[in-house]
Structure formats: structure tokens, C-alpha cells
Amino acid sequence: MPIYLDCHATTPVDPRVLDAMLPYFTEHFGNPASLTHAYGWEAEAAVKLARETLADAIKATPEEIVFTSGATEANNLAIKGVAEAYFSRGRHLITVQTEHSAVLDPCRYLQSLGFEVTYLPVQPDGLIDLDQLEKAFRPDTILVSVMAANNEIGVLQPLAAIGELCRQHSVLFHTDAAQAIAKIPLDVNAMNIDLMSLTAHKVYGPKGIGALYVRRRNPRVQLAPQLHGGGHERGMRSGTLYTPQIVGFAKAVELGLAEMPQETERVQRLRDRLWSALEPLGGVYLNGHATQRLAGNLNISVEGVDGQALLLGLQPIAAVSSGSACSSAKTEPSHVLTALGRSPQLAYASLRFGIGRFNTAEEMDQVAAGAIATITALRNTNTQNLY
Ligand SMILES: *Cc1c(COP(=O)(O)O)cnc(C)c1O
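Analysis parameters
Residues numbered from 1 in each chain as written. Predicted model: local features only at pLDDT ≥ 70, side-chain atom pairs only at ≥ 80, totals over all residues. Heavy atoms only, no water. Helix = DSSP H or I, 4+ residues; strand = E, 2+ residues; numbered from the N terminus. Rg over C-alpha atoms; globule rule 2.2 N^0.38 Å. Buried < 20%, exposed > 50% of the residue type's maximum accessible area, 1.4 Å probe, protein only. Areas by Shrake-Rupley, 256 points an atom, 1.4 Å probe, with all protein chains shown as cover. Core = buried A, V, L, I, M, F, W, Y, C linked by side-chain atoms within 4.5 Å. Domains from an automatic or database assignment. Contact = heavy atoms within 4.5 Å. Buried area = accessible area lost by both parts, 1.4 Å probe. Salt bridge = Lys/Arg side-chain N within 4 Å of Asp/Glu carboxyl O. Axes fitted to C-alpha atoms, helices over the stretch in contact; angles between N-to-C directions. Left-handed = near helix turned anticlockwise from the far one by under 90°. Nonpolar A, V, L, I, M, F, W, Y, C, P; charged D, E, K, R; others polar. Phe/Tyr/Trp six-rings, centres within 6.5 Å; stacked < 30°, edge-to-face > 60°. Lys NZ or Arg CZ within 6 Å of the ring centre and 35° of its normal. Polar contact = N/O pair within 3.5 Å; in protein donor to acceptor, adjacent residues only side chain to side chain. Near = heavy atom within 4 Å. Patch = residues over 30% accessible without salt bridge, like charges linked within 9 Å, V, L, I, M, F, W, Y side chains within 5 Å. Pairing = 2+ DSSP bridges.

A. Just the overall build of the protein, in detail. Secondary structure summary: the protein contains 11 helices and 12 strands in total. For 387 residues, the compact-globule formula gives about 21 Å, and the C-alpha radius of gyration of the protein, at 22 Å, lands near that figure. Each principal axis of the C-alpha distribution contributes one length, and for the protein these read about 75 × 55 × 35 Å. For the protein, buried positions account for 54% of its 387 residues. About 16,400 Å² of surface is accessible on the protein, with carbon and sulfur atoms providing 55% of the total.

B. Here's a closer look at the pairing of strand β12 (residues 350-354). Burial analysis of β12 places five of its five residues in the buried class, which makes it a mostly covered element. Alternating residues of β12 divide into Ser-350, Arg-352 and Gly-354 and Leu-351 and Phe-353, and every residue in both groups is buried.

C. Local environment of the nonpolar core. Among the nonpolar cores identified, the biggest contains 58 residues, and Phe-67, Val-144 and Leu-186 are the most heavily contacted of them. Looking at this core element by element, the count peaks at five residues for helix α2 (residues 38-57). Shared between two domains, this core takes at least three residues from each, and those domains are domain 1 (3-9 + 259-380) and domain 2 (16-254). Beyond its immediate sequence surroundings of up to four residues, Phe-67 is in contact with Val-47, Arg-51, Leu-54, Ile-209, Gly-210, Ala-211, Glu-233, Arg-237, Leu-241, Ile-246 and Phe-249. Listed in part, the 28 residues of the second largest apolar core include Leu-298, Leu-311, Ala-318 and Met-364.

D. Just the domain arrangement of the protein, in detail. By domain assignment, the protein separates into domain 1 (3-9 + 259-380) and domain 2 (16-254). Domain 1 and domain 2 are separated by 28 Å when their C-alpha centres are compared. Buried surface at the junction of domain 1 and domain 2, summed over both partners, amounts to about 2,300 Å²; 55% is from carbon and sulfur atoms. Joining domain 1 to domain 2, the criterion identifies one salt bridge.

E. Region of interest: the packing of α2 against helix α7 (residues 243-278). Their axes nearest at 9 Å, the elements α2 and α7 cross at an angle of 35 degrees. Where α2 crosses over α7, the two elements pack in a sense that is left-handed. Contacts between α2 and α7 involve Ala-43, Ala-46, Val-47, Ala-50, Thr-53, Leu-54 and Ala-57 on the former and, on the latter, Thr-243, Ile-246, Val-247, Phe-249, Ala-250, Val-253, Glu-254 and Leu-257. Counted by class, the contact of α2 with α7 contains 12 nonpolar, two polar and one charged residues.

F. Focus on the packing of aromatic side chains. For the coordinates displayed, the defined rule picks out two aromatic pairs. Look at Tyr-204 and Phe-358: their rings are 5.7 Å apart centre to centre, the planes differ by 85 degrees, and that puts the pair in the edge-to-face class. Placement of Tyr-204 in the loop between β7 (195-199) and β8 (210-214) and of Phe-358 in the loop between β12 and α11 (361-386) is noted, with a sequence separation of 154 residues between them. Overall, Tyr-204 belongs to the buried group, its relative accessible area being 6%. Taking NZ or CZ as reference, Lys-80 lies 5.2 Å from the ring centre of Tyr-109, over its face.

G. Region of the structure containing the side chain of Thr-95. Within the secondary structure, Thr-95 is located in strand β3 (residues 92-96). Only 2.9 Å separates the side chain of Thr-95 from the backbone oxygen of Ser-145, close enough to count as a polar contact.

H. Molecular detail of the site of the ligand. Lining the immediate surroundings of the ligand are Gly-70, Ala-71, Thr-72, His-100, Met-147, Asn-151, Asp-176, Ala-178, Gln-179, Thr-199, His-201 and Lys-202. Thr-199 places a polar side-chain atom, nitrogen or oxygen, 2.6 Å from an oxygen atom of the ligand. Its free accessible area being 390 Å², the ligand has 87% of it covered by the protein chains. A breakdown of the residues in the shell around the ligand according to their chemical character gives three nonpolar, seven polar and two charged.

I. Structural detail: a nonpolar patch on the surface. Residues Val-13, Leu-18, Leu-22, Phe-25 and Tyr-242 make up a contiguous nonpolar surface patch of about 430 Å² in total accessible area. Among the secondary structure elements, Leu-18 is positioned in helix α1 (residues 15-21). With a relative accessible area of 39%, Leu-18 lands in the partly exposed category.

J. Inspection of the sheet that holds β7 at higher detail. Read across the open sheet, the seven strands follow the order β2-β8-β7-β6-β5-β3-β4; overall the sheet is mixed. The open sheet is flanked by β2 (65-68) and β4 (116-120), the only strands paired with a single partner. Each strand of the sheet is rotated relative to its neighbour by a mean of 20 degrees, with strand direction disregarded. Across the face of the sheet, helix α6 (residues 159-168) comes into contact with β5 (141-145) and β6 (172-176) while running at roughly 155 degrees to β6.

K. Expanded view of the environment of Glu-52. Position of Glu-52 relative to the elements: it lies in helix α2. Of the residues examined, Glu-52 reaches a relative accessible area of 28% and is grouped as partly exposed. C-alpha of Glu-52 to C-alpha of Ile-65: the two residues are 13 residues apart in sequence and 8.8 Å apart in space.

L. Quick look at unusual backbone geometry. Cis geometry marks the peptide bond from Asn-218 to Pro-219, where omega comes out at -5 degrees. With respect to the element layout, Pro-219 can be found in the loop between β8 and α7. The phi torsion at Ser-170 lies on the positive side, around 55 degrees, for a residue other than glycine. With respect to the helices, strands and loops of the structure, Ser-170 is situated in the loop between α6 and β6. The residue Arg-234 is not glycine, and still its phi comes out positive at about 50 degrees. Here Arg-234 is to be found in the loop between β8 and α7. Among the residues examined, Arg-234 registers a relative accessible area of 37% and is labelled partly exposed.

Okay, here's the thing in C-alpha cells:
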């Protein structure tokens, strides 16, 4: 198998996370909503503990955590749930062109219902311009949704500054923190965040579990549920809680936070090692801000090669992605790289390296050597074809 460098798409479950989960499939299989017997109590206690761990991780309270199937569902619940609950106050939302499709698509859906959405552009480094955000507020704006860390270029948006502007304008602030949880410090109070989407599988937890943080005080956020049923999660998201996944999610975040200082440094050294090896090749460009980005993210555009051929050539060496995995079925260049102002060729011929917990320095050297050989060979073929 090639070296795995696609940690923004998903990560393996850490064995310590799996160990924590396993008893909840078999021995402690109860339904956490079954409060008439010990099987239910056991499961309920585990969910309660997990909820506390996750709330602590973002400086929230346990009652503000709503479990979902992942960040896609959390984004849908936040955006459509707020729109539905606040439409009598206003029908305007603000988001950013470089958001994940799980934010952009709910916004487009709301437009089809008559809402208006402003899609803020980004600067060439991928950061939003706060003056432009300030100018985008309208009296009928009900929600601002800006992601914490970008899934393609790793760029970290200035959450605290955005939160402050939203608070000044009395507009709710949602952030998709799928890539940010346990990678950078998050504090919903210091950053004035009202809703935050989380997922487990980007931080060595299982797939199919996530959460939405929903502020309960100053202000108390109203949310229209998108899944109706048994009234779980204080009515905001019905459905039997998936105890093993919830336990694994909390364990993954707990481990991630405990190891964050050392791990951020280690992963960044790996990322810098890879980039230092690739840069001398020439005609390779870093996408996104050089320092205001996730430690494990390297996204580059390569001049003079075909994007598809580049990806194919690298396939035996490293598992990486081009643009975003979610849009790899489409043949359009990445909407994120296009928003940075990259030409179609440079947007097509891009590589996203997502470096994580289980990668080593030796792997960086192997991948760099493989990438250099592939790019050089492709460029030589291109030159021959020209003459
Ligand atoms: C992965 C990802 C999502 C989707 O999360 P799921 O849990 O897979 O639904 C949403 N937003 C961002 C920024 C992501 O990276």
C-alpha cells in the first residue's frame, strides 16, 4: 500500500480509541435512553462522560452538545435549523467561497427557498478580509458561517475577530471545526462562537459520529430540528445514541488534546521537511497562508504538468488527493484553489498532503523523492511533446 498522506479526508482509528469503544458493542450494549434498568444506566453514564469531555474540549457545557452523524449533519442542522427558526427576523446569511460543500450546499438549498446568501471571497492567502465581512452585514442577517480550518489548504480563519464582529452586530456565528478540533485551541466563549460543527474521524476517531455545539446562554440559540422522532438530544436531533461511537469520539478528542502541543510541533516538522525537499524543484507553489494553517497540511500547485497524470504517477507512492476528495468525481478544478485566484492549470495540478499521527520523517523523504521523480518525468515528456 502507498504511504497514507490524506489525513484531511479521514484518519485511522487510534488503537486506544478502539479499545475504549469495544465494550460498548457487546457487554455494555444498552440504549442510553432506557432509564428503567441497569443496561440503560450503564450506557447513559458513558454518554454523559463523553459529553462532558467534548464540552470541556471547547469550553462549553455538556447540555450544549448535540450528537450527530458527523460534521455534514451538524452543518445542515446549524444552517437550516437557524434559518428555519429565525426566518421571521431575517433571511440573509453570510458564508465564504472556500467553505466545505456541507456548508455551501445547505446555503444553496436555502437560496432555493428564498433566503439570500453572501459568499465572501478570500484573499490570495485564503484568509477572509474582515472589512469585507463588516460590510456584508445587513439588518436582516441572521447567521455567519465561517470554517475554522480549511480542509484543502489548511488555512485557519481568525475566529475570535469574526466572533467579535458577529456579536457587535447581534448575528449568530457558526463555525465548521471538523478539521480544527484537537488540532488548534478552540474556546466558544473567548471566540464568541454560537454553533460549532465537529466530527470524530479526522482526529483518529470513528466515522459516523460528530456533534453540534449549540449555545444555551447569551444568547440562547433557537434551532429547528431536522430529524424528528423520539425527542433525543433535547429535541434537537432524534435517534438512538450510538454509544460506542460517542465513547470513541470523546476518547479521540481527549487524546488529541493531551498530545496537541508535542504533536503539532512534530507534524509541522514533517510538513516542513516535505516542503523543503519539494521546493527546490522549482515551479511548485504553496497554496494558502504560509503560517496561518494546520500543522499537518501541505497543498501545492505544480507548473508544467497535467493534474490527472500527476495524481496517477503518485498513486503507487503516496495516498494524497487533488483538490478535495468530495469533488474528485467532478472534473472541475477545486473551488478553493480557484477562489485563491489560481489559474485553471495550477488549480488542476495540485496536491494535498495531509500529514498525521502515524507518519514518519522517513516517509516524507520517500514521498518527496517519488514526487520529484514523477514531476520531472512528466515535465520531460511534456517538453518532448512540444518539439
Ligand atoms: C470532513 C469534513 C466535513 C464532513 O464531515 P463528516 O463527518 O465526514 O460528515 C465537513 N467539513 C469539513 C471542513 C470537513 O473537513
